[in-house]
Protein chains: 2
Amino acid sequence: MEQRKIVLADSEIPRQWYNIQADLPKPMCPPLHPGTGKPVNPEDLAPVFPMNLIEQEMSTQRWIDIPEPVLEKYLLWRPTPLCRAINFEKLLDAPVKIYYKYEGASPPGSHKPNTAVPQAYYNKVFGIKRLSTETGAGQWGSALSMACAMFGLECRIFMVKISYQQKPYRRLMMATWGGECIPSPSDRTQAGRNILAEDPDSPGSLGIAISEAIEDAVGNKDSRYSLGSVLNHVLLHQTVIGLEAQKQLAKIGENPDVVMGCAGGGSNFAGIALPFVCDKIHGKNISVVAAEPTSCPTLTRGPFAYDFGDIAMTTPLLPMHTLGHGFVPEPIHAGGLRYHGMAPIVSHLVKEGIVEARAYDQIETFTAGVKWARSEGVIPAPETNHVIAAVVQEAERAKQEGKEKTILFTFSGHGIIDLAAYDAFLSGKLAQHRLSDEEIARALKGIENLPKP
Amino acid sequence: MEQRKIVLADSEIPRQWYNIQADLPKPMCPPLHPGTGKPVNPEDLAPVFPMNLIEQEMSTQRWIDIPEPVLEKYLLWRPTPLCRAINFEKLLDAPVKIYYKYEGASPPGSHKPNTAVPQAYYNKVFGIKRLSTETGAGQWGSALSMACAMFGLECRIFMVKISYQQKPYRRLMMATWGGECIPSPSDRTQAGRNILAEDPDSPGSLGIAISEAIEDAVGNKDSRYSLGSVLNHVLLHQTVIGLEAQKQLAKIGENPDVVMGCAGGGSNFAGIALPFVCDKIHGKNISVVAAEPTSCPTLTRGPFAYDFGDIAMTTPLLPMHTLGHGFVPEPIHAGGLRYHGMAPIVSHLVKEGIVEARAYDQIETFTAGVKWARSEGVIPAPETNHVIAAVVQEAERAKQEGKEKTILFTFSGHGIIDLAAYDAFLSGKLAQHRLSDEEIARALKGIENLPKP
């Protein structure tokens, strides 16, 4: 009987997050104040985030202690198991060992609570009473609702209207944890009202929802904004995934040749990748691969540029791979991968050639996902299907090259709430969309006049 | 930092199931052939089940080896964690320690695959190519679909029509694993056609769906029927839950005073309870409590009698607590607890005073479930909410008595597919239904002329 899972005891949970900023060979470009064009100060961000998180956002300290109350909540589902996909390996019949870190084990079923819990905690400690945020597919909104329930904070979530309508289970999940979920664009904010005035039937977008959530949060001493991906402190919190994986691999004496994750805003990918990027920077021979959708190919086809995080151009300018803040991707089922930009840290690593990016289209990702479900059991989230497609591709390469490989990836979440997408796939109704060069060029027009990194 | 979870390594998974038949102080009444009124023979069951499972059904051997291929599949999610509900304890503010065995960790999100996997395996080994079954809420149908996918069997599921319509995600889950899900009553079987002739709009019931599945399975050498609860071999397979829990409790030196589970057909309850019932039979001071709904109070208000397992009266007569095979409970949200009968083993233990039964109504169970979700994270299945209500009651009693207690219960599954029920509860639309004595007396008329135990 081969070992399938490597588990850690509660006492083995990492006590610190890893901050890649301490180890980058070249420093990152700073975020810029859109008004002045100068690097933002902590004070600039103070109306939006609590100061303790702003300090984390800007920190270059290598290890940052995980507060005890955060650890206590993490232990509700962490350490997550590291699993070997023996059945899937057999199916692929390639010279690969496949390990995955199962983040679907959390109560909302994804990696998102890894940062929702500390964000709720730091806001609570700072005296904040209410958090506002946005959510696309709903993974983030439900994670933050849960975290706020646990620390006694109110939670207000602006959910992209089309997802709000198509994914009733996600908003019910938020409601069960006590969060208030509002379809965006809404009439609660000026940003929402402006959009509605132009198009009362707007299906919404993540960019619009971010604008609404920020507007809703700022200007009130008791409320702040919370973001579920992209920013440095969010990626920092997610490193608990990779740090646990390293402990687990050490227990069985394994060293991955390839580390992979799907990338939307970048936090899931960074969660598994950054501790291994550290090894790579220090000389270890290891491939680190981000998998994104061909319909929102931020890393593979977007330039590295300064851009806004939202459509209303209220955020600082972030140095990142972007398709332009006005870009609205096709409504593919992997809602968590439909962001126009990419975390500055991940973008920087791709620009520096430390991380490789690959794009996969919807049909090949669901083909991989159904194979996975029928052999390994768990039905993957549509986002996760992207990295599974990357694993399939990597296995095929290993077979062609006749080379043994150990693959590690992060299984960002299960797809139990996304079964309508599987229905579309299984009945042959799933759409495929590859962006033309013209479409991308058009989308990038909107950032032509912004400062260049 | 207090320990929250007690985990077992893959190598610590139990290698045998526990068969309570070896330890019962009084033997159980045998199932009877409805035609002859005599105890059924293995041959009577041969058209319905494969002989290797029939042998298990009738075995009195105390320990039964878990086959290696079953263990390999179990390891996809087992051993499941034993968790301490520290946040919920704080909320209740009572002198209790609460441990729960988290069966929501399986791919379909419930305890059901614990028996689906061995049933698929034994059928495969016996040369069977297709399994037919029924499902109410859909937990069982999705578990069996997954298990059949893993062993290369076809799977056909008759799903109670009202659930088929109300729970599209469940049938999509079955489809993703490759199972064929048919709304019942259907025109595929004589049993279904008879019902439809009387009432073309019949919402279906578990009793009808069982009749259809049995009819569909028998009379074909390549197909057999599979049942997800009630029978001895099903309960046997579920004992892996309690056996793991015993190993986990031994690691921290804990002894539960109370062991609890919700009970519909009885397999989830038996899974946690039977290994502890063994301890109790051998002198340990321990309470064992089954929690059922007031709207289907099989154990608390149904007599111990011989009755059919299905509405078409095709099964053997089982000695069990029953409300009568014609009883159709109100459409409460805990679909898994809407069966007219109860596992003969569980019924026998209640009759003998070894197990205690308590009933809870829908509103108190959801009240408990929402409290749980907001403190412990995981949103429980509506079925699981019944045992959580029982835990709340037990904690209140401990507080009144000023007595310290350690409670163990089985968390049968998560409620992510049942969020519509939480929506109904949170918006005050949840129905409450307590059966009158007249209703029960009426339902029991249908079994008056059957043999008595």
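For the structure, check the block above.
This write-up is about the structure you can find in this document. (Residues numbered from 1 in each chain as written. Chains lettered and ligands numbered in written order. Predicted model: local features only at pLDDT ≥ 70, side-chain atom pairs only at ≥ 80, totals over all residues. Heavy atoms only, no water.)

What to know about the pattern of salt bridges
Step number 1: Scanning all chains against the criterion turns up 50 salt bridges over all chains.
Step number 2: The closest approach of N and O atoms between A:Arg434 and A:Asp361, which form a salt bridge, is 2.7 Å. Placement of A:Arg434 in the loop between α17 (419-426) and α18 (437-444) and of A:Asp361 in the loop between β14 (356-360) and α15 (362-376) is noted, with a sequence separation of 73 residues between them.
Step number 3: The exposed category is assigned to A:Arg434, whose relative accessible area is 57%.
Step number 4: Using a relative accessible area of 5% as the deciding quantity, one classes A:Asp361 as buried.
Step number 5: Two residues, B:Arg4 and B:Glu376, come together in a salt bridge whose shortest N-O distance is 2.4 Å. Within this pair, whereas B:Arg4 is found in the segment before β1 (5-6), its partner B:Glu376 is found in helix α15 (residues 362-376), the two being separated by 372 residues in sequence. (Salt bridge = Lys/Arg side-chain N within 4 Å of Asp/Glu carboxyl O. Helix = DSSP H or I, 4+ residues; strand = E, 2+ residues; numbered from the N terminus. Buried < 20%, exposed > 50% of the residue type's maximum accessible area, 1.4 Å probe, protein only.)

Focus: the side chain of A:Asp10
Step number 1: With respect to the element layout, A:Asp10 can be found in the loop between β1 (5-6) and β2 (16-18).
Step number 2: Of note is the side chain of A:Asp10, whose polar atom sits 2.7 Å from the backbone nitrogen of B:Arg4.
Step number 3: In this structure A:Asp10 touches A:Leu75, A:Arg78, A:Pro79, B:Met1, B:Gln3, B:Arg4 and B:Lys5, once residues within four positions along its chain are discounted. (Polar contact = N/O pair within 3.5 Å; in protein donor to acceptor, adjacent residues only side chain to side chain. Contact = heavy atoms within 4.5 Å.)

Some points on the interface of chain B and chain A
Step number 1: Between chain B and chain A, the residue contacts involve 49 residues of the former and 49 residues of the latter.
Step number 2: In total, chain B and chain A occlude about 4200 Å² of area from one another, counting both sides; carbon and sulfur atoms represent 64% of this.
Step number 3: Salt-bridge contacts for A:Lys5 lead to B:Asp10; the nearest nitrogen and oxygen are separated by 3.0 Å.
Step number 4: Broken down by secondary-structure element, the contributors of at least two residues to the side of chain B that touches chain A are α3 (68-74), α6 (139-151), α8 (168-176), α15 and α17 (419-426) of chain B.
Step number 5: In terms of residue class, the side of chain B that touches chain A is made up of 29 nonpolar, seven polar and 13 charged. (Buried area = accessible area lost by both parts, 1.4 Å probe. Nonpolar A, V, L, I, M, F, W, Y, C, P; charged D, E, K, R; others polar.)

Some words on empty space enclosed by the protein
Step number 1: Evaluated as defined, the whole model comprises six cavities of 30 Å³ or more.
Step number 2: Going through the elements one at a time, β5 (96-102) of chain A together with β5 (96-102) of chain B are the ones with two or more residues in the lining of the largest cavity.
Step number 3: Here the residues of the lining of the largest cavity sort into 28 nonpolar, nine polar and three charged. (1 Å grid on protein atoms, 1.4 Å probe; cavity = no way out; pocket = protein on both sides within 12 Å on 5 of 7 lines; lining within 4 Å. Points joined across faces, edges and corners; volume = space filled by probe spheres on them.)

Some details on the nonpolar core
Step number 1: One finds A:Trp17, A:Tyr74, A:Leu419, B:Trp17, B:Tyr74 and B:Leu419 to be the most contacted residues of the largest nonpolar core, which totals 102 residues.
Step number 2: Not counting chain neighbours up to four residues away, the residues in contact with B:Leu419 comprise A:Tyr169, A:Leu172, A:Met173, A:Thr176, A:Ile417 and B:Ile379. (Core = buried A, V, L, I, M, F, W, Y, C linked by side-chain atoms within 4.5 Å.)

Considering the relation of the copies chain B and chain A
Step number 1: When chain B is brought onto chain A, the operation consists of a screw motion whose angular component is 180° and whose axial shift is 0.0 Å, with 0.0 Å RMSD remaining. Taken together, the rotation and translation describe the operation of a two-fold axis.
Step number 2: Most of the interface of chain B is mirrored in chain A, where 100% of its interface residues are also at the interface. (Least-squares fit on C-alpha atoms with pLDDT ≥ 70 in both.)

Quick notes on the sheet that holds strand β9 (residues 223-225) of chain B
The strands that make up a sheet are held in pairs by hydrogen bonds between backbone atoms, and each pair lies either parallel or antiparallel.
All names here are of chain B.
Step number 1: An order of β8-β7-β6-β9 is seen for the four strands of this open sheet, with the pairing classed as parallel. Edge positions in the open sheet fall to β8 (180-184) and β9, since each of these has one partner strand only. Taken over all neighbouring pairs, the strand axes of this sheet differ in orientation by 25° on average, direction set aside.
Step number 2: In the packing of helix α10 (residues 206-217) onto the sheet, the strands contacted are β6 (130-135), β7 (154-160), β8 and β9, and the crossing angle to β6 comes to about 170°. (Pairing = 2+ DSSP bridges. Axes fitted to C-alpha atoms, helices over the stretch in contact; angles between N-to-C directions.)

Re helix α8 (residues 168-176) of chain A
Two residues of an α-helix separated by three or four positions point the same way, owing to the 3.6 residues in each turn.
Step number 1: All buried positions along α8(A) are accounted for by A:Tyr169, A:Arg170, A:Leu172, A:Met173, A:Met174 and A:Thr176.
Step number 2: Taken together, the buried residues of α8(A) touch β6 (130-135), α6 (139-151), β7 (154-160) and β8 (180-184) of chain A together with α15 and α17 of chain B.
Step number 3: Two residues or fewer after α8(A) comes A:Gly178, characterised by a positive phi angle close to 95°.

So yeah, pure geometry; function would need other evidence.
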